[in-house]
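Coordinate analysis (summary)
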Amino acid sequence: MSSQSRHILHMDLDSFFVSVERLYDDRLKNKPILIGGSGDRGVVASCSYEARKFGVHAAMPMRTARQLCPEAILVRGDFEKYSQKSHEVTAIIQEDVPLFEKSSIDEFYIDYTGMDRFFGCFKMAQELRKKISKETGLPISMGLSQNKTVSKVATGEAKPDNEKQILKGEEKPFLAPLSVRKIPMIGEKTSHTLYNMGVKKVQTLQKMPAELLEATFGKNGRVIWEKANGIDHSLVTPYSEAKSISSENTFEQDTIDIKMLEAHLIAMTEQLASKLRQHQQLTACVSVKIRYSDFETHTTQQRIPYSSTDHTLISVVKALFKKLYNRRMLIRLIGVRFSSLVHGNYQINLFEDSEEQIRLYQALDRLNVKYGDKTVCRAIGMQVGRRRFNPFSGVEI
């Protein structure tokens, strides 16, 4: 690790979905807004700061949110609009900075290390923030420090629509008075365990022996201790939307069995979608390939709102296959490809899915990660069997 001082900027678009909706409808400004599924079984995808004052938060059941804030305006949400605005912000950052990571649809890390010799890093960051706000009309907050963890926490403390810099050596004092929930990777389950240990503030974590946290949380215990003490050596991962993952299957005998072909397409799509979620990625482009018995090959694709859910992707794959398969000839090979990948945590279609569907996906992913692909899958894919392939072997950069 170089002794050179690092300058890592974190930027986060404030209440992103809500902010985008307000660009299109002035009547939504300064009002409590809920974005998500309209049914009682839906969940909140995003909410305005005005709604948060009532205790509403993202991923909360919509019925609970409406009980807490009955005067809130419910907006269905348009992920296509959000994707487009995210692309606009990404393009501005891409034009202005040497190295950045897009960690989600509305969140970015920028490495300004070494740039301070030419111009103050915080000054550069301020100008970038102003440029994004001016050109997109979206409020954005930022934090600058020596590493990703402290910068992310600083952004959270700066919100809404503000900025914060934590100088070298001030990391521990800055973090100390905060709740342990402010530390990235400390979620509800981990925080509950810490509360039971009498640990509520970061300063208590800072004073605890790292070995005690390791004994309680395994290898993550050491990471928690380091983050609480403002230590994080993780690098900013260069951003690219050109990556793709794909899976192909060449049949031992050419076939025209539509049910069997559909089973293979569904099985491939399920496994690829599962890999996306495991790697916290989303796809915006789906492709299907067919190679006929005479080796003539055809491919078609469709742009979609960012997604990584099986049922969304399967419906697109099936529609593309139906559109593509028009020669009524024997098929030698079929393939599925997801491209225009970005890192992102919006793994569930919050505008369509119920709490039950979200919990089902989370449970399925846990089982398939623990016991292997296709431990649990759709019945139609069972006839395909567990495929021994690495979908990421075909990554294109």
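All values derive from a computational prediction rather than experimental measurement.

Conventions and cut-offs
- By convention here, each chain's residues receive numbers from 1 onward along its written sequence.
- With pLDDT at 70 or above as the cut-off, local features in this predicted model cover only qualifying residues; side-chain atom pairs require 80 or more to be listed or tallied, and sums for whole chains, interfaces and linings still use all residues.
- Hydrogens and waters are ignored; side-chain quantities use all the structure's heavy atoms.
- Classification of ring pairs rests on two measures: the distance between centres of Phe, Tyr or Trp rings, Trp counted by its six-membered ring, which must be within 6.5 Å, and the angle between planes, read as stacked under 30 degrees, edge-to-face over 60 and tilted in between.
- To qualify as a helix, a DSSP run of H or I must reach at least 4 residues; to qualify as a strand, a run of E must reach at least 2; elements of each kind are numbered from the N terminus.
- Three exposure classes are used, based on accessible area relative to the maximum for each residue type with a 1.4 Å probe and protein chains only: buried under 20%, partly exposed in between, and exposed over 50%.
- To sit over a ring, a charge needs its Lys NZ or Arg CZ within 6 Å of the ring centre and within 35 degrees of the ring normal.
- As used in this record, nonpolar core signifies buried Ala, Val, Leu, Ile, Met, Phe, Trp, Tyr and Cys residues forming a set joined through side-chain atoms within 4.5 Å.
- A pair of strands counts as paired when DSSP detects no fewer than two bridges linking them.
- A fitted line through C-alpha atoms represents every axis, and for helices the fit uses only the stretch in contact; the resulting angles, taken between N-to-C directions, go from 0 to 180 degrees.
- Residue contacts are counted whenever heavy atoms from the two residues lie within 4.5 Å of one another.
- Helix crossings are classified by the rotation of the near helix relative to the far one: an anticlockwise turn of less than a right angle makes the crossing left-handed, while a clockwise turn makes it right-handed.
- Known as pLDDT, the predictor's confidence for each residue is given on a scale from 0 to 100.

**Regarding the packing of aromatic side chains**
- Within this structure, the stated rule accounts for five aromatic pairs.
- Taking 6.4 Å as the distance between ring centres and 25 degrees as the angle between the ring planes, the aromatic pair formed by Y292 and Y325 counts as stacked. Taken together, the positions of Y292 in strand 10 (residues 281-292) and Y325 in the loop between helix 13 (310-324) and strand 12 (331-339) put the pair 33 residues apart, joining distant regions of the chain.
- Taken together, a centroid distance of 5.6 Å and an interplanar angle of 15 degrees make the contact between F321 and Y325 stacked. In this structure, F321 and Y325 share a single accessibility class: buried.
- An aromatic cluster of at least three residues, connected via ring pairs, comprises F16, F17 and Y82.
- For K148, the ring lying beneath its charged end belongs to Y109, and the centroid distance is 4.8 Å.
- Of note, R222 hangs over the ring of W225, and the distance from its end group to the ring centre comes to 5.9 Å.

**Description of the nonpolar core**
- One finds I93, I110, Y112 and L128 to be the most contacted residues of the largest nonpolar core, which totals 38 residues.
- Every element with two or more residues in this core is listed here: strand 1 (8-13), helix 1 (16-24), strand 2 (33-36), helix 4 (79-96), strand 6 (107-111), helix 5 (121-136), strand 7 (140-145) and strand 10.
- A per-element tally of this core places helix 5 first, with six residues.
- With 26 residues, the next largest nonpolar core counts L261, I290, I304 and I331 among its residues.

**Considering the sheet that holds strand 8 (residues 163-165)**
- Taken in spatial order, the five strands make up an open sheet running 5-6-1-7-8, and their pairing is mixed. Sheet topology places strand 5 (100-104) and strand 8 at the edges, where each strand pairs with a single neighbour. Mean inter-strand twist for the sheet, computed between neighbouring axes without regard to direction, equals 15 degrees.
- With three bridges connecting them, strand 7 and strand 8 associate as parallel partners. Bridge pairing in strand 8 links G143 to K164.
- Lying over the sheet, helix 5 contacts strand 1, strand 6, strand 7 and strand 8, oriented at roughly 165 degrees with respect to strand 7.

**Focus on the packing of helix 4 against helix 5**
- Following both chains from N to C, one finds helix 4 and helix 5 inclined at 145 degrees, their axes separated by 10 Å at the closest point. As for the relative orientation of helix 4 and helix 5, their crossing is right-handed in sense. For the pair helix 4 and helix 5, contact is made by K85, E88, V89, I92, I93, E95 and D96 and by L128, K131, I132, E135 and T136, respectively.

**Re the confidence of the model for the protein chain**
- Looking at the protein chain as a whole, its pLDDT mean stands at 85, while 83% of the residues score no less than 70.
- No element of the protein chain has a lower mean pLDDT than helix 14 (residues 355-371), which averages 62, and none a higher one than strand 7, which averages 98.
- Every residue in residues 377-383 is under pLDDT 50, and counting partners more than four places away or in other chains gives 17 contacts.

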